[in-house]
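# Observations on chain architecture
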Protein chains: 2
Amino acid sequence: MKNLSLIGKRLPRVDSWAKVTGEALYAADLKLPRMLTCKVLRSPHPHARILKIDLDRARRVPGVVDIVTGRDTAGVKWGVFAYTRDQELLPTERVRYVGDEVAAVAAENEEAALEALELIQVDYEVLPAVFDPLSAMAEGAPLLHEGFEKNINVHVPIHVGDVDRGLAESHLVREDTFTSQEESYFMSEPLAVAANCDSAGNVEAWFPNAAPHQKAKALSNALGIPLNKIHVRKIAQGGAFGGRSDVFPGEFITALLALRNRRPVKLVYTREENSIATRQGHSMIVTIKTGVDLEGRVLARDVTAYMDGGAYSSTGPIATSVPFLCHEQTYKLPNVRYNGFRVYTNKPVRGMIRVHGRAWAAGVDTQLDRIAEELGKDPLEVRLLNAREPGEYTPTKSFVQSCGLKECIRKAAEKAGWKDKYGKLPKWRGIGLGTNSVQTGFPLGIRGGSQAFIKFNEDGGATVISGAVDNGQGNDMMLVTVAAEELGLPLTSIELISADTQVTANDPGAYSMVTTFAAGNAVKLAAEDARRQLFEVAAEALEANIDDLVAQGGLIFVKGSPDLGLPLPKVVRMALLQQRPIMGRGHFAPKVDHSREWVKKPEGQLSETFSFGATVAEVEVDPETGRVKVLKVVAAQDCGFALNPMIVEGQFEGSVAMGGQGGMLTEAHRWFEGHLLNPTQLEYKVPLACDMPPIESIIVETLDPTGPYGAKEAGMSIAMSAAQAYAAAVINATGIWFKDFPITPEKIVRALAEREER
Amino acid sequence: MKNLSLIGKRLPRVDSWAKVTGEALYAADLKLPRMLTCKVLRSPHPHARILKIDLDRARRVPGVVDIVTGRDTAGVKWGVFAYTRDQELLPTERVRYVGDEVAAVAAENEEAALEALELIQVDYEVLPAVFDPLSAMAEGAPLLHEGFEKNINVHVPIHVGDVDRGLAESHLVREDTFTSQEESYFMSEPLAVAANCDSAGNVEAWFPNAAPHQKAKALSNALGIPLNKIHVRKIAQGGAFGGRSDVFPGEFITALLALRNRRPVKLVYTREENSIATRQGHSMIVTIKTGVDLEGRVLARDVTAYMDGGAYSSTGPIATSVPFLCHEQTYKLPNVRYNGFRVYTNKPVRGMIRVHGRAWAAGVDTQLDRIAEELGKDPLEVRLLNAREPGEYTPTKSFVQSCGLKECIRKAAEKAGWKDKYGKLPKWRGIGLGTNSVQTGFPLGIRGGSQAFIKFNEDGGATVISGAVDNGQGNDMMLVTVAAEELGLPLTSIELISADTQVTANDPGAYSMVTTFAAGNAVKLAAEDARRQLFEVAAEALEANIDDLVAQGGLIFVKGSPDLGLPLPKVVRMALLQQRPIMGRGHFAPKVDHSREWVKKPEGQLSETFSFGATVAEVEVDPETGRVKVLKVVAAQDCGFALNPMIVEGQFEGSVAMGGQGGMLTEAHRWFEGHLLNPTQLEYKVPLACDMPPIESIIVETLDPTGPYGAKEAGMSIAMSAAQAYAAAVINATGIWFKDFPITPEKIVRALAEREER
């Protein structure tokens, strides 16, 4: 690779200062003149028919300006796909979970809005409800949506090879069922939406989101106005973790109230509302049947998964597929069958989450550990035996163009002292290994990849205009660094305009792990385009060949002769004087098979490339309290190339926190008849910095042929494999095969007591 | 010309609604959290040395946050050109006019700021002052600036051909001296500046301006920060008229206070401050010596002009040249000499104004009228004899590629009934003709012309990103119409992002009459670029040849077959699906001779093309009161092509108001020892709508070969020629040759009385 100045360096982020000083504005901070406060009335019932909504008394509260219900929306429905358009953004006839939006008040102040909520009289006919997928699929269960038999929202059937024959030919076959509870995203920032509307009906909105263009498109459709009348604006964001891609009723309601009243409106969710009425991670019941040969080589695997999807589809088809897809990317699977069911229940809506499928991932790995034990093998060797390698195709026919999974496994194991520890640790201590893989961009609502423009100031500063969004992961820094690197300018010479749907061209959004791959490449191409234009001007002035020029350190010069170089700002001015101003543009879309579909045709290139990760966790379990102390985590990921190792490591650490520490040890929603019992930080245990173990990060660089500088995504396959490693380690420490996740102290104490009893 | 859908139509402006409803925000309307109020302490003396500034008592006023004086600025100086950098944006040692900025206070509220102003103690040493150019040039006059002998700020000497020989060979020679007073721009919006600064030192500013990139560049230099740390933002504007191009101390002060305090600051000028401390139109003393042959053909002209430039240079070199340039464009001049002097005086700073050089223009035309009379000719015929024709070069070697001056003169005269009226009107009635020409873009501070990007929304809406600014003349509408026309979309499908220096690439600004020509062409080229990309996609889908395609009515179709066309939004989506998103870019800079200089080398192509206008005014004078009633005005202009006749006529009407009605009949500053006596609407007579005569507009279309759709600038040559026509008409009505402008009722009454006395 060429000599890099900024890329690959541990540089502090351009957005840090504003965030640590509290200067950065989040949606809840926005104050606009004449701004109204919005509050939402929610269903108290998990399932009920709305018989009547009486707004008369509420409307008479002084300060109340507007109240909307489903009647005001013509029952506009939303769904990520045409065939999953099942959610009325304000229900007209039925509510389907405790928290479903029934009405929204816009008032001059919060007190008036809250008073009005209390005075809205809703007559409900309470309907029977279902709270888990198996009950929901049972004969006679109440149906949530018409046209979805047995409440099955999505069924993804995949069969590659011949699983039955594979199982029949296996030396050893195991079948186990694993379960996991719903999870909260617990972004540090609860949803807040500010929207404004001018007299011509132009709406602008600020809210945390993972995909401004996707959100704008959804709002455009839902509000019935063209995209040039709805602008999603850039705003600082407190996390997304996969849960802020598709549109929420809160966003629609706020924009609708702004549009109706031609006034600014702000809706700030409480922590409780954010837990209930945005998205949750699916719970899951998954049965995994695996057949292996004498060596532990997987010959066939048959998986059936039931996911509790809650009341509406959201990203259902994707959520039903992704655990399988990550799995088929990670392991060689000559024969594999999958039946994934996402089932409606009268619970909050579930969506994609950073760690999606704890039961799946931890189930597969811990089952393989048991198989290894039965075969008398080291689980590490069995994992290596089955690990994906570059140049292979996944079962559903995605070519794997770069893959460092084996290197990740080996390096993580070595660093963690696997050979000296596995099976040799003192009592109550254990070590576990997890392996996983994720995509870098699959086809979704926004088409055509990412686009970028670059313009120049007269003094040589450049402005990158990109639709990409930063939810906290460092995308802004990534884009600025890429542009600076390509133009040979310092970071301070690059400005970024991003995540504003009015100004910036399409970008798919910061989900499916695509931003570095797509927007990074688009900005790189735009910068290369601008650099070529700069070189054309400089080549004439320097009487040099364009191919001999380099841009570095703010200069353009013939390779080897920086002393004779021209300052880049000078070349910018020369170009202006010569009436050929520098204007860069670039676009990049991952090469995927656009004929591939989630449900009907799950075959073809899913994502242009994939990241791979392996995590090893070492734990110590306190048999008295069931408390798990994590002694050390080693996380190794093939991220292609680390554009900024500091940010990559930050992603690894966050992934271990969310996937392992929280996801496998503490985080689980608790319910009573559709009511969420632990919506806030007090009851829902999100790991804090002080809870975290020492983490050793290992960056494995395979230099992907398409990724910018060889980069793929960073961190996501750690989030998954950390969950797997934690589960394996606790099992290794206790000798108890936990099959229900997370493995909370309560479950450990109970299991140990049960073992005692036996 | 091809079939046009929107261009050339009388369409209402896209920005009208927000303006007529009062929704549009002007800088004075902006309120930001923690915003400080700024007030400026100004010099009470026309010329004085600052001995000491004591801020102690002012600083102790509760609520005062910051006070700046010249000491805080390291005496930073500004000037449009390097050789005219004579204005300290906050004076350190000397003040040079009544109103010169001495200190500025930023306070939590206006009361505190005003109280602090009163408590700032400045010790001055009053210096002798000069108030007119001739006294200023006299031996022993106090000098305002070092290095400028006799207070001559700028001397433009031009000599083409042999003027002395031409005069010697003339049949008739006349020499007359004309004078005119200073004029106010009287924009409906006084200057207001709002600025903000974040903790990283990024400054953003909103204020009415004719050239955001020019202003940003000046502020970048003055504040010593790069262009990517100073962003001039789009804001609604109440006029510019040439007076808002170079940077003002008020803009610098507000940005400086924001930068120092990392807080928003707002400075709103009173009407008095706006009249004194922004810009004024120059006063002028001009001697014109003209030699003609027997037919009235001008053989030679010798002009010497003295302009009162006030205390600083501002746009001095341009202001000293432009009256001559307009003149040389209008008339065939085989031999011409010009000596233009801009002289410093202890009066407010003078700049370019929409009607610059009343004494010049009205002098030339009314002198030619007298010459015609002496020769027994109709002034109309003499004007036609000397009128510029296409294909000619001006004396300073600008090629005139399109010119409809003669057609303007003939059509205006015919419509006004010249033949039946000239010399045949009843007593106290008169008719007069004026002719003029202006540029469409001359080289100035911002280089490289105008740049534009176009991006598309998924639903087919397009967003134009252009640096061009709209001061009220309709530039926004022009750009939107051009893009819509080229893309075959309705106006509502086009969004405009403009006049924001952070987002938009360079544009020269809305002065030198260049926006339609430069930005209009840049947007046209960007739209053509985008259309070509759309056609590439559509051609494949339609199995057609790209050259056979047209974009019209929201469709792309093979010429003649709209029924088989593809909706443009569909083509946009096809392009996205094919991963070749539509991204338009274009740039355009008028072809001018960049080696031309205002003072040292006034030779070469000044502007790529020129507009021409002729105005006829018919008046009736009340001999008792001196009041001039304008009965009718006919204004004919060669604007190349009227992109929107309604807007063009609006420009004509505004030009007649400013150039004729106000400029020639009422508007003049009055002085007492450097103190402006009539700074507000109460004393300074700006014509109101009810004062205006019926105006008949004639659009002459010469289809300029380079202008977009053949368009040049609209209205400016009417402003000049209206001044000339009004003067000629009043002279024709009274039989008195007024040589001092404006011709106020007072002057008419006095002149009539003097004639009586003789």
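The structure displayed is predicted, hence computed values, not measured ones.

### Quick look at the pairing of strand β7 (residues 101-107) of chain A
Residues and elements named next belong to chain A.
- Taking burial as the measure, the seven residues of β7 include seven buried ones, the bulk of the element.
- Sheet topology note: the strand β1 (residues 36-42)/β7 ladder contains six bridges and is antiparallel. Bridging from a neighbouring strand, K39 pairs with V105 of β7.

### Quick notes on the packing of aromatic side chains
All names here are of chain A.
- Throughout the structure, instances matching the rule amount to 27 aromatic pairs over all chains.
- Centroid distance F178 to F741: 6.4 Å. Interplanar angle 10 degrees. Geometry classified as stacked. Of this pair, F178 sits in strand β10 (residues 172-180) while F741 sits in strand β33 (residues 740-741), and the two are 563 residues apart along the sequence. Per residue, the accessibility class of F178 equals that of F741, and both read buried.
- Taken together, the ring pairs connect F178, W737 and F741 into an aromatic cluster.
- The positively charged end of R370 is found above the aromatic ring belonging to W737, 5.4 Å away from the centroid.

### Quick notes on the relation of the copies chain B and chain A
- Overlaying chain B with chain A gives an RMSD of 0.0 Å, the required rotation being 180 degrees about an axis along which the chain moves by 0.0 Å. Put plainly, the chains are arranged around a two-fold axis.

### Describing the interface of chain B and chain A
- Taken together, the contacts link 54 residues of chain B with 55 residues of chain A.
- Where chain B abuts chain A, roughly 4,500 Å² becomes buried across the two surfaces, and 51% of that area is made up of carbon and sulfur atoms.
- The largest share of the area that chain B buries against chain A comes from E458, M583 and R585 of chain B, three residues that together contribute 16% of it.
- Our count for the contact surface shared by chain B and chain A stands at four salt bridges.
- With a shortest N-O distance of 2.7 Å, D529 of chain A and R585 of chain B are connected by a salt bridge.
- Between chain B and chain A we count 32 residue pairs in polar contact (both at pLDDT 80 or more) in total.
- Elements represented by at least two residues in the side of chain B that touches chain A include exactly α6 (212-223), β21 (450-456), β22 (462-466), β23 (494-498), α15 (515-542), α16 (568-577) and β27 (583-588) of chain B.

### Examining the sheet that holds strand β8 (residues 121-126) of chain B
All names here are of chain B.
- If you walk across this open sheet you meet the three strands as β6-β2-β8, and the pairing is antiparallel. Only two strands of the sheet have a single partner each, and these edge strands are β6 (94-95) and β8.
- In terms of strand pairing, strand β2 (residues 48-54) meets β6 through two bridges, oriented antiparallel. Bridge pairing in β6 places R49 opposite R94.

### Remarks on the environment of A575 of chain A
Residues and elements named next belong to chain A.
- For A575, the position within the fold is in helix α16 (residues 568-577).
- Of the residues examined, A575 reaches a relative accessible area of 0% and is grouped as buried.
- With 26 residues separating them in the primary sequence, A575 and K601 have C-alpha atoms 51 Å apart.
- Once you skip the residues sitting within four places of it in the chain, A575 turns out to touch V537, R580, P581 and I582.

### Here's the deal with the sheet that holds strand β25 (residues 555-558) of chain A
Residue and element names in this part refer to chain A.
- One open sheet accounts for three strands, arranged β24-β25-β26; its pairing is antiparallel. The two strands at the open ends of the sheet, each matched to only one other strand, are β24 (549-552) and β26 (566-567).
- Both β25 and β26 contribute to a ladder of two bridges, which runs antiparallel. In the sheet register, L555 faces β26, and the bridge partner there is P567.
- Helix α15 (residues 515-542) rests against β24, β25 and β26 of the sheet, and its axis sits at about 115 degrees to β24.

Cut-offs applied
Residues numbered from 1 in each chain as written. Chains lettered and ligands numbered in written order. Predicted model: local features only at pLDDT ≥ 70, side-chain atom pairs only at ≥ 80, totals over all residues. Heavy atoms only, no water. Buried < 20%, exposed > 50% of the residue type's maximum accessible area, 1.4 Å probe, protein only. Helix = DSSP H or I, 4+ residues; strand = E, 2+ residues; numbered from the N terminus. Pairing = 2+ DSSP bridges. Phe/Tyr/Trp six-rings, centres within 6.5 Å; stacked < 30°, edge-to-face > 60°. Lys NZ or Arg CZ within 6 Å of the ring centre and 35° of its normal. Least-squares fit on C-alpha atoms with pLDDT ≥ 70 in both. Contact = heavy atoms within 4.5 Å. Buried area = accessible area lost by both parts, 1.4 Å probe. Salt bridge = Lys/Arg side-chain N within 4 Å of Asp/Glu carboxyl O. Polar contact = N/O pair within 3.5 Å; in protein donor to acceptor, adjacent residues only side chain to side chain. Axes fitted to C-alpha atoms, helices over the stretch in contact; angles between N-to-C directions.

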